[in-house]
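# Inside the fold
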Amino acid sequence: MADAGCIFCRIIAGEVPAQFVIGDGDVLAFLDARPLFPGHTLVVPREHVVTLPDLAPDRVEPVFATVRRVAAAVVRGLDADGSFVALNNVVSQSVPHLHVHVVPRRRKDGLRGFFWPRTKYADDAEAEAIAARVRAALDPPEG
Ligand code: DGP
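To start, this report covers the structure provided alongside it. This one's a predicted model, so the numbers in the text were calculated from it and none came from an experiment.

Taken together, the neighbourhood of the ligand is formed by 16 residues, with Asp32, Asn88, Ser94, His99 and His101 sitting nearest. Residue Asp32 places a side-chain N or O atom 2.5 Å away from an oxygen atom belonging to the ligand. A distance of 2.7 Å is found between an oxygen atom of the ligand and a backbone nitrogen or oxygen belonging to Ser94. Notes on the ligand: free accessible area 510 Å², of which the protein chains cover 83%. Within the residue set of the shell around the ligand, elements represented by two or more residues are α1 (7–12) and β2 (27–31).

Shown next, in the form of structure tokens:
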């Protein structure tokens, strides 16, 4: 179902122009209008879902198979050295329609780890306690 107020639904419907890399099917890809580098592509499901946990389990493979395909194409097509693949869920997500960024990367392109400030665990016990909380929340559970 499309959401009439969603800019990506409007792009998918052809109401707002975009440069499509993949313009047909259940999963589409078009150029980001404010690219980190030329060729920065957004992979989006046609269906309006907001975050990755909202995506039905049987839709995950088609979305990420397309991400894989586009990640190869930006390298091959643009003579890049590699790619960066990222997906914001709610925080830093400026468009509430699931989209996976596929950014062509070149060595020394200046992106420098995406400006992520890194932290540390106080010790192994703290790291294990955090892992245990995430493990306990897995749905379905592990094992
Ligand atoms: P994020 O911040 O992760 O939600 O990324 C949203 C991206 O969407 C951002 O990099 C810019 C891009 N974007 C926003 N509006 C438009 C638009 O109207 N057209 C296109 N092609 N990209 C857009």
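Let us now look at the sheet that holds strand β1 (residues 20–22). Taken in spatial order, the 5 strands of this open sheet run β1-β2-β3-β5-β4, and their pairing is antiparallel. The sheet terminates laterally at β1 and β4 (82–86), the two strands that pair on one side only. Strand-to-strand twist in this sheet, taken as the mean axis angle between neighbours without regard to direction, amounts to 25 degrees. As paired elements, strand β3 (residues 41–45) and strand β5 (residues 100–105) share 3 bridges and run antiparallel to each other.

Along β5, 6 of the 6 residues are buried, which leaves the element largely enclosed by surrounding structure. Burial of the side chains of β5 extends over both faces: Val100, Val102 and Pro104 are buried on one face and His101, Val103 and Arg105 on the other. Inspection of the sheet shows β4 paired to β5 by 5 bridges, in the antiparallel sense. Residue Phe84 lies in a different strand from β5, and its bridge partner there is Val103.

Parameters at a glance
Residues numbered from 1 in each chain as written. Predicted model: local features only at pLDDT ≥ 70, side-chain atom pairs only at ≥ 80, totals over all residues. Heavy atoms only, no water. Near = heavy atom within 4 Å. Polar contact = N/O pair within 3.5 Å; in protein donor to acceptor, adjacent residues only side chain to side chain. Areas by Shrake-Rupley, 256 points an atom, 1.4 Å probe, with all protein chains shown as cover. Helix = DSSP H or I, 4+ residues; strand = E, 2+ residues; numbered from the N terminus. Pairing = 2+ DSSP bridges. Axes fitted to C-alpha atoms, helices over the stretch in contact; angles between N-to-C directions. Buried < 20%, exposed > 50% of the residue type's maximum accessible area, 1.4 Å probe, protein only.

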